[in-house]
Protein chains: 2
Amino acid sequence: MLNWLRHYRRDQLAGDLGAGVVVAMMLIPQGMAYALVAGLPPVLGLYASILPAVLYALVGTSMTQSVGPMVIVSLMTASALTPLAEPGSGLYMVLAGQLSLLVGAVLLACGLLRVGFLSGFFSRPVMSGFTIGAALLIAWGQLGTLAGGNLRAPHTLSIVLGGACMLALLAARRYLPRVWASLAPMAVVLASLLATMAMGLGQQGVATIGEVPGGLPGLNLATSQAHWEPLLKPALLIAFIVFLVSMSSAQTLALKRGERIDSNRELAGLGLANIGSALSGAFPVTGSISRSAVNFAAGAQTPLATVVTAVLMCLALVAPTGWLSLLPLPALAATIIVAVLGMLEWDTLRTAWRYDRSDALALVATAAGVIGLGVEAGVVVGVALSIGTMIWRASRPHIAVLGRIGTSEHFRNIERFPSAETVPNVLILRIDANLFFANVDAVHARIEEELAQRPDVRHLVLMLASVSAIDTTGLFALGEWNDELQRRNVTLHFAEVKGPVMDRLRDSDLLQRMQGRVFLSTAIAAEQLA
Amino acid sequence: MLNWLRHYRRDQLAGDLGAGVVVAMMLIPQGMAYALVAGLPPVLGLYASILPAVLYALVGTSMTQSVGPMVIVSLMTASALTPLAEPGSGLYMVLAGQLSLLVGAVLLACGLLRVGFLSGFFSRPVMSGFTIGAALLIAWGQLGTLAGGNLRAPHTLSIVLGGACMLALLAARRYLPRVWASLAPMAVVLASLLATMAMGLGQQGVATIGEVPGGLPGLNLATSQAHWEPLLKPALLIAFIVFLVSMSSAQTLALKRGERIDSNRELAGLGLANIGSALSGAFPVTGSISRSAVNFAAGAQTPLATVVTAVLMCLALVAPTGWLSLLPLPALAATIIVAVLGMLEWDTLRTAWRYDRSDALALVATAAGVIGLGVEAGVVVGVALSIGTMIWRASRPHIAVLGRIGTSEHFRNIERFPSAETVPNVLILRIDANLFFANVDAVHARIEEELAQRPDVRHLVLMLASVSAIDTTGLFALGEWNDELQRRNVTLHFAEVKGPVMDRLRDSDLLQRMQGRVFLSTAIAAEQLA
């Protein structure tokens, strides 16, 4: 813990200071905007950027991660809270903190239980589909704000202002380097604020964010006894997405410098961050991909950059905040829309479509699930599709009938090598998958199919060079196949069993129970059984 | 469809007739008992044994499957309906049929969508734990009936009667061959019925099943509009268990004769059977392991045996049924308890404990889940544990650093072969698992770990002889590793890529993007990169 601080080198300071300033400039408008997405007062987005970031810096393993508000997590927060309380109400704010507390507790518990492998429940195409669906949902929601509150009765001045902001932001993203582009939202927000003041846009019907209370967040311990249970399921789903989003961000950046990320430490760090957010009276937070990338690009070397950002956020809060009240909502909506449009990356879909159609379909189905059923159901759809694809693939193991090439010792798939000849009375099957509960039935079906075509076969040799593991279900299946094949006068043998698999099989009685043998190579098996 | 009928041979008839009679004798007490477990009038158990069995025979692929009431499915039915209606009420009966209709529709849809791979969601240890948990729950529930209705105020005569029946049944199972033992429940029930009549046990407080209406079931189309939605989730869980139980039974028996089971046809057959049960006004049914084994052992050759059983059940219903009303409930409870005690098989737990501790823990946790949280939650716990174990295992792929044995062309794991020597500047990693979303992070972590220990390495060779598939997530990961390693002056190469994997990689731009090469063998890679 705090390894980076113990080994801090003086030459890292300039990078950390610079990045800390850049990210703070980026975070002030972003935090306020993402609090609005969560249905909360903008100032809570600033609260969510201080303690959580510092707590993450204590425990997390990423050097450049920026933990704080993130737009998809804010959408999930709104989706979780809206059925339970009126947005803007006191209860809604209490529940936001309570949700963050639950999310933090779940993440911390997962970290202590060392279940960091949970990130393996979402495939990359599914994550891409989830992000695309959520981004479209958010953009759609913000279009209303940009149009002055109601898409059916748009307010022209709001649209002009929001549209101008969008164009400026898109141009900045298109033409400026990443670090400069990250300052564009602040510039746009300030410009629109000045325009509002100068031209009195507020009196002409452009909505503004209203009073932003100054001062640091107080300690929040408010919870609603009746809402622990209804908040639990959303908290589990949000914790899962918080972890996935943050890991994806941390790993992408760590890869660039050959740093290592420990998923269990990340869980603990994100858990503390969310508990910190709850104590600040804010809402669920995570590591943000876009902000962390800016932090990295602006030269951050260690989490000190994040601490610098947090200090600057505190300064912003203790400075006079009254002038912020005229900040026009359409400008903030424009920053959100441009940010989420940046999440619509089609490369995964394009690649998956060419490379693996089922992955592409999982992507599209997840996006459709998010848009059609909502962001929470979308997580469930995504997990189901990831796992479903995995089980479906597992249920179709590649199995080859092997034949000898000429008089050599080489045995190859007879479908790929038509010159390969099978050995009379012997069926040699190479199983190209670990044998486990999701594929034993398929392997068995294939064995019976091949045996039915070759009624003369007296010896079945399973070539296991590609089998790295056999689970208990597979072990039972092998025992049962052995007994039943024996009853039909077919003897089961193994060939080329890997060392670790053999070690495990010796812990069972399968090898004693088998009438057949374990051959070192396919060639020896063929020679001795022919 | 009906393939067995088209190719029916005369010599199969004797076996089918005999087995049909034996199973009918077994089914009459069993059907009534399992209807009671479901909280329904005993006669519905007989209704559930006719049309469902015949419909299954039309479509199913097992030659010896006996489809009808099954005790675990009855428990799940009671668990699904009890929160929605008072057992014994008219609504409860309507909902039982409606549940069966939903279960049937789900199964039929799964069959038409060809998702027979769904059985891969439960590992064998988890299925064993589920069965043990359900069996204990059922036995516990029936102990009350055996004690005269209330365990706290037991009725001596009921206990004596039930206890005697239990002893007789246990003795029959212990000392008689399976086919004869299967007739023991009928004998015990008849004997207890005679005893009740002769000694007037009914007047002395022994509960009896009461009037059993005669005649065949009428067509039932009753449903409750308000209950479709609350019944959907239980129907999905029951459909899943119906399929698993039936497949396990069908496959065990098919294995003994080298017959083949088509899981999608099984889904369709079970779907029709449950719809048939709904139309008969009964409750969810499945293929029963114990009854099918008796059918098989009694000589059934084709589904004609099942049709014979169904005809006999019809005869039993049109014959006078008044005398059945004095059948004592403790005797039926005894048949249920002895039947479920037979499901407590500890062999899977024993084997798993020695062979794979995590599978043993999954078994115990599933059993505990069923007992502690109920049978529906138990299914969810079981699926989560099966999938969780799978993802957890996938997240720990076996990866070996390879070294050359002497001056040979053989490369082996340097941990297993201490004489193997690594090639200077070259790191050769053999990946013993398919590369996919659940393990790319683990593979990457291992690569970074090995590179960190060997700062001189300029070439990383991934030896892919055991990799049979790479999904889209794996494809992206390889591309990213390539780019980032290149930035750090390490070139990524592949060796021994399997044919099907190479075919797929050619559909992507990975190979063009790589600076490294694809070597036919590890030896060639080592030679050319050294």
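Just above sits the structure.
Report on the accompanying structure. Small disclaimer: the values here were computed from a predicted structure and weren't measured.

**Focus: the relation of the copies chain A and chain B**
By a simple turn and slide, chain A fits onto chain B: the slide is 0.0 Å along the axis, the RMSD is 0.1 Å, and the turn is 180°. Here the copies are linked by what is in effect a two-fold axis. No C-alpha of chain A lies nearer the rotation axis than that of Ser466(A), which sits 2.5 Å from it. A shared binding surface is used by both copies, with 100% of the interface residues of chain A retained as interface residues in chain B.

**Here's the deal with a nonpolar patch on the surface**
Residue and element names in this part refer to chain A. Taken together, the side chains of Leu190, Leu194, Met197, Trp323 and Leu326 present a nonpolar region at the surface, about 460 Å² in accessible area. The residue Met197 is located in helix H10 (residues 184-199) in this model. Taking relative accessible area as the criterion, Met197 reaches 39% and is therefore assigned partly exposed.

**As for helix H4 (residues 51-59) of chain B**
All buried positions along H4(B) are accounted for by Pro52(B), Ala53(B), Leu55(B), Tyr56(B), Ala57(B) and Val59(B). The elements touched by buried residues of H4(B) are helix H1 (3-6), helix H3 (43-47), strand E1 (67-68), helix H12 (263-279) and helix H14 (304-318) of chain B.

**Description of the packing of helix H6 (residues 90-112) of chain A against helix H12 (residues 263-279) of chain A**
Residues and elements named next belong to chain A. Running from N to C, H6 and H12 point in directions that differ by 160°, and their axes come no closer than 7 Å. As summarised for this structure, H6 and H12 are arranged roughly antiparallel, according to the angle between their axes. Note on packing geometry: the crossing formed by H6 with H12 is left-handed. Across from Gly97, Ser100, Leu101, Val103, Gly104, Ala105, Leu107, Leu108, Cys110 and Gly111 in H6, the residues of H12 making contact are Asn264, Leu267, Ala268, Leu270, Gly271, Leu272, Asn274, Ile275, Ser277 and Ala278.

**Remarks on the interface of chain A and chain B**
Size of an interface, as often reported, equals the accessible area lost when the parts are brought together. Across the contact, 63 residues belong to chain A and 63 residues belong to chain B. Both sides together, the interface formed by chain A and chain B hides about 5800 Å², and carbon and sulfur atoms give 59% of it. Close ionic contact of Arg124(A) with Glu480(B) constitutes a salt bridge, the shortest N to O distance being 2.8 Å. Across the contact surface, chain A and chain B share 22 residue pairs in polar contact (both at pLDDT 80 or more). Elements represented by at least two residues in the side of chain A that touches chain B include exactly helix H7 (124-146), helix H11 (228-257), helix H16 (347-355), helix H18 (375-394), helix H19 (440-453), helix H20 (472-487) and helix H21 (499-505) of chain A.

**Thoughts on the pattern of salt bridges**
When the charged atoms of two side chains lie near each other, side chains of opposite charge can form a pair. Under the defined criterion, the tally for this structure stands at 32 salt bridges over all chains. Notably, a salt bridge pairs Arg454(A) with Glu450(A), separated by 2.5 Å at the nearest N-O pair. A single burial state applies to Arg454(A) and to Glu450(A), both of which are buried. Of the charged contacts in the structure, one is a salt bridge between Arg393(B) and Asp359(B), with a shortest N-O distance of 3.2 Å. Linking Arg393(B) in helix H18 (residues 375-394) with Asp359(B) in helix H17 (residues 357-373), this pair joins segments that are 34 residues apart in sequence. Looking at Arg393(B), the relative accessible area reads 23%, which means it is partly exposed. Shared partners join several salt bridges into a network, and the residues in it are Asp356(A), Asp359(A), Arg393(A) and Arg504(B).

**Thoughts on helix H8 (residues 156-175) of chain B**
Residue and element names in this part refer to chain B. Here H8 contains 20 residues, and its C-alpha end-to-end distance of 28 Å stays within 8% of the 28 Å for a straight helix at 1.5 Å per residue. Those residues of H8 that fall on the buried side of the exposure criterion are Ser158, Leu161, Gly162, Cys165, Met166, Leu169 and Ala172. When H8 is viewed along its axis, its buried side chains cluster within an angular range of 135° and face the same direction. What points out from H8, more than 90 degrees from its buried face, is the exposed set Thr156, Val160, Leu167, Arg174 and Tyr175. Looking at the packing, one finds that the buried side of H8 touches helix H7 (124-146), helix H9 (178-181), helix H10 (184-199) and helix H15 (329-341).

**Structural notes on unusual backbone geometry**
Residues and elements named next belong to chain B. The phi angle at Asn489 is positive, at roughly 65°, despite the residue not being glycine. Relative to the assigned elements, Asn489 resides in the loop between helix H20 (472-487) and strand E8 (491-495). A positive phi is found at Glu496, a non-glycine position, where the angle reads about 55°. Positionally, Glu496 belongs in the loop between E8 and helix H21 (499-505).

**A look at the environment of Gly97(A)**
Residue and element names in this part refer to chain A. Here Gly97 shows up in helix H6. Here Gly97 falls in the buried class, since its relative accessible area comes to 2%. Sequence separation between Gly97 and Gly281 is 184 residues; the distance between their C-alpha atoms is 5.2 Å. If near-sequence neighbours (up to four positions away) are discounted, Gly97 is found in contact with Ala278 and Ala282.

**Focus: the packing of helix H2 (residues 13-37) of chain B against H14(B)**
All names here are of chain B. At a minimum axis separation of 7 Å, H2 and H14 run at an interaxial angle of 45°. Comparing the axis directions of H2 and H14 gives the class oblique. Helix-helix and strand crossings are classified by hand; for H2 and H14 the assignment is right-handed. In this structure, H2 uses Leu13, Asp16, Leu17, Ala19, Gly20, Val21, Val23, Ala24, Leu27 and Ile28 to contact H14, whose residues at the interface are Leu304, Ala305, Val308, Thr309, Leu312, Met313 and Ala316. Broken down by class, the residue content of the contact of H2 with H14 amounts to 14 nonpolar, 2 polar and 1 charged.

**Brief notes about the pairing of E8(B)**
Residues and elements named next belong to chain B. Most of E8 sits out of view: 5 of its 5 residues are buried. With 5 bridges joining them, strand E7 (residues 459-463) and E8 adopt parallel strand pairing. Across the sheet, residue Met463 finds its bridge partner in E8, namely Ala495. At this point the chain moves from E7, through H20, to the parallel E8, and the crossover so formed is right-handed. Here E8 runs beside strand E9 (residues 518-519); their pairing, made up of 2 bridges, is parallel. Bridging from a neighbouring strand, Ala495 pairs with Phe519 of E9.

Cut-offs applied
Residues numbered from 1 in each chain as written. Chains lettered and ligands numbered in written order. Predicted model: local features only at pLDDT ≥ 70, side-chain atom pairs only at ≥ 80, totals over all residues. Heavy atoms only, no water. Least-squares fit on C-alpha atoms with pLDDT ≥ 70 in both. Contact = heavy atoms within 4.5 Å. Patch = residues over 30% accessible without salt bridge, like charges linked within 9 Å, V, L, I, M, F, W, Y side chains within 5 Å. Areas by Shrake-Rupley, 256 points an atom, 1.4 Å probe, with all protein chains shown as cover. Salt bridge = Lys/Arg side-chain N within 4 Å of Asp/Glu carboxyl O. Helix = DSSP H or I, 4+ residues; strand = E, 2+ residues; numbered from the N terminus. Buried < 20%, exposed > 50% of the residue type's maximum accessible area, 1.4 Å probe, protein only. Axes fitted to C-alpha atoms, helices over the stretch in contact; angles between N-to-C directions. Parallel < 35°, antiparallel > 145°, perpendicular 65-115°, else oblique. Left-handed = near helix turned anticlockwise from the far one by under 90°. Buried area = accessible area lost by both parts, 1.4 Å probe. Polar contact = N/O pair within 3.5 Å; in protein donor to acceptor, adjacent residues only side chain to side chain. Expected span 1.5 Å × (residues − 1). Arc of directions from axis to C-beta. Nonpolar A, V, L, I, M, F, W, Y, C, P; charged D, E, K, R; others polar. Pairing = 2+ DSSP bridges. Right-handed = clockwise from strand over helix to strand, strands pointing away.

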